[in-house]
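# Structural characterization, general
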Amino acid sequence: MSSSVAEISTLNRANPATERRGHIQLAVVIPTFNERLNVEPLLERLTIALRGLRWEAVFVDDDSPDGTAQLVRKLAETNSHVRCIHRIGRRGLSRAVIEGIQGSCAEYVCVIDGDGQHDETKLRDMYLALSEGGADLVVGTRYADGGSVGDWDSTRAWMSSFATRLSSTVLRGHKISDPMSGFFGIRRESFEKAVRNLSGEGYKILVDIVASFPGRLNIHEVAYTFRNRMHGESKLDSAVVLEYLLLLLEKRLPKFIPARLILFAGVGATGLVVHMLMLALLHKQFLIDFSVSQATATLVAMTTNFFINNSFTYRDKRLKGAKLIGGLASFYLVCGLGAVANVGVAQAVFEQPTTWWLAAIAGVLVGTIWNFAMSNAITWGRKK
Ligand code: GDD
Ligand code: MN
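Here is what the cut-offs are and how they apply
Starting from 1, residues in each chain are numbered consecutively following that chain's sequence as written. All chains are assigned letters beginning at A, and all ligands numbers beginning at 1, according to the order in which they are written. Whole-chain, interface and lining totals are the exception, using all residues; otherwise, since this is a predicted model, local features are given only for residues with pLDDT of at least 70 and side-chain atom pairs are given and counted only at 80 or more. Side-chain measures were taken over the full set of non-hydrogen atoms in the model, leaving aside hydrogen atoms and water. To define axes, lines are fitted to C-alpha atoms, for helices over the stretch in contact only, and angles between the resulting N-to-C directions are given on a 0 to 180 degree scale. Starting at the N terminus, helices and strands are each numbered in turn, a helix being any DSSP run of H or I of at least four residues and a strand any DSSP run of E of at least two. Oblique is the label for any angle not covered by the other classes, which are roughly parallel (under 35 degrees), roughly antiparallel (over 145) and roughly perpendicular (65 to 115). Contact between two residues is taken to exist if any of their heavy atoms lie within 4.5 Å; hydrogens are not considered. Throughout this description, the term salt bridge denotes a Lys or Arg side-chain nitrogen within 4 Å of a carboxyl oxygen of Asp or Glu. Here the term buried applies to any residue with accessible area under 20% of the maximum for its type, exposed to any over 50%, and partly exposed to those in between, with areas from a 1.4 Å probe on protein chains only. Any residue with a non-hydrogen atom lying within 4 Å of a molecule or strand is treated as near it. Polar contacts here mean pairs of N or O atoms no more than 3.5 Å apart (in protein, one a potential hydrogen donor and the other a potential acceptor; neighbouring residues in sequence count only if both atoms are side-chain atoms). Amino acids outside the nonpolar list (Ala, Val, Leu, Ile, Met, Phe, Trp, Tyr, Cys, Pro) and the charged list (Asp, Glu, Lys, Arg) are all regarded as polar, and Gly is one of them.

## Notes on the packing of helix 9 (residues 205–212) against helix 10 (residues 239–252)
- One way to put it is that helix 9 packs onto helix 10 with a least axis distance of 11 Å and a crossing angle of 5 degrees. As summarised for this structure, helix 9 and helix 10 are arranged roughly parallel, according to the angle between their axes. Contacts from V207, D208, A211 and S212 of helix 9 reach helix 10 at L247, L248 and K251.

This is the structure:
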């Protein structure tokens with residue numbers, strides 16, 4: 001018995017991979033989507049930049065069609081720095097980063113893009129700021145002395161600075177010159193304090209972390225120049241603007257109100273406009289019977305609401321093809337019951353000593369919350 005324990009411990013000591021993984025000093029989390037061509041060049045750069053440190057590269061790939069994850073796993077066969085988290089059926093930069101950080105045990109973690117745009121030679125300064133400089137968070141910044149955005153066009157530069165200004169509403173007084181940065185490092189202890197409050201929405205994980213952290217963070221900055229991509233193209237599209245606004249909204253609202261409910265209610269208001277226009281057209285213009293006009297207007301408004309919600313409120317869970325038909329049917333059902341609830345509640349309140357419009361508002365509120373909760377769970381709730 002004791003001899004086999006001794007054997008195991010000798011085995012452990014003799015295994016360089018175990019030794020190296022035992023005390024990782026720095027984990028570098030690399031979110032990837034279609035970055036196959038960039039993986040090897042980036043690893044070469046990291047190997048040079050982090051020489052002498054015990055580090056690991058945690059790639060978090062969202063099942064890229066170009067086979068990024070497969071390549072990373074292949075490289076891991078011979079390179080013990082490399083690890084792969086392969087997420088299936090999910091997309092989203094922020095959540096990928098969160099999983100990458102959670103998937104490592106290192107005390108210090110840096111996050112870097114997988115396309116070479118961030119300057120990996122600054123990782124060592126980031127690590128030192130965390131491990132010796134007392135920083136809780138260290139941010140790679142393009143907007144400080146020695147940093148630059150590289151060759152961005154004026155629209156992108158303007159958008160970035162506008163988004164930066166907006167973020168100050170949720171940063172709780174922390175001064176960060178580049179809160180939009182995807183290049184930063186954090187002490188695990190600090191990350192853990194924020195992780196349960198993170199929204200995880202969209203691209204802006206750094207804003208999310210600072211907004212979600214209970215208390216003050218000691219933040220250091222490291223200036224760098226944003227480079228051009230090595231291969232491939234950016235995944236940032238117009239949707240990131242919406243996702244960013246959603247994140248800001250979520251951070252401003254009390255925890256029990258989901259930001260999506262606000263969007264859903266906004267879409268509901270457009271439905272009211274559609275409904276009234278339709279009703280006026282059918283009943284007033286074409287002199288169709290009121291109840292037929294009203295029923296048609298309701299159906300049309302539900303349909304437009306469904307499609308707007310599908311491409312806006314639930315763009316991340318968008319239904320397509322055959323699922324679209326099933327989704328629409330369930331949405332009709334949910335909203336039909338919601339209308340019954342609306343009328344029932346309004347009637348009950350109306351029978352109390354109160355005003356008619358309070359009764360109506362109570363009905364609309366209950367109906368909206370019902371519609372949101374049910375369609376959130378049924379129409380857009382099923383796994384893809
Ligand atoms: N796992 C995963 N899932 N990775 C993703 C996803 C996703 O849904 N979307 C993008 N990525 C990866 C990319 O493969 C890349 O490695 C990194 O995240 C950054 O994505 P890019 O598409 O290259 O973003 P960008 O260059 O336009 O934006 C960068 O600069 C912004 C500053 O203006 C990013 O660093 C942003 O985080 C940053 O805010
Ligand atoms: Mn990029």
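Back to the write-up after that little detour.
## Remarks on the pattern of salt bridges
- In the structure shown here, the tally under the stated rule is 14 salt bridges.
- Note that R187 is salt-bridged to D136, the shortest N-O span being 3.8 Å. Taken together, the residues R187 in strand 6 (residues 184–187) and D136 in the loop between helix 6 (123–131) and strand 5 (137–141) connect sequence positions 51 residues apart.
- Relative accessible area serves as the criterion here: at 13%, R187 is assigned to the buried category.
- Salt bridges sharing partners connect three or more residues here, namely E35, D115, R229 and K235.

## Considerations on the site of ligand 1
- In the vicinity of ligand 1 lie 27 residues, with E35, D113, M180, K204 and K235 positioned nearest.
- In the environment of ligand 1, an oxygen atom lies 2.8 Å from a nitrogen or oxygen atom belonging to the backbone of P31.
- A distance of 3.2 Å is found between an oxygen atom of ligand 1 and a side-chain nitrogen or oxygen belonging to R142.
- Put simply, the parts of the chain that give the shell around ligand 1 at least two residues each are strand 1 (26–32) and helix 5 (93–102).
- By residue class, the composition of the shell around ligand 1 is ten nonpolar, seven polar and ten charged.

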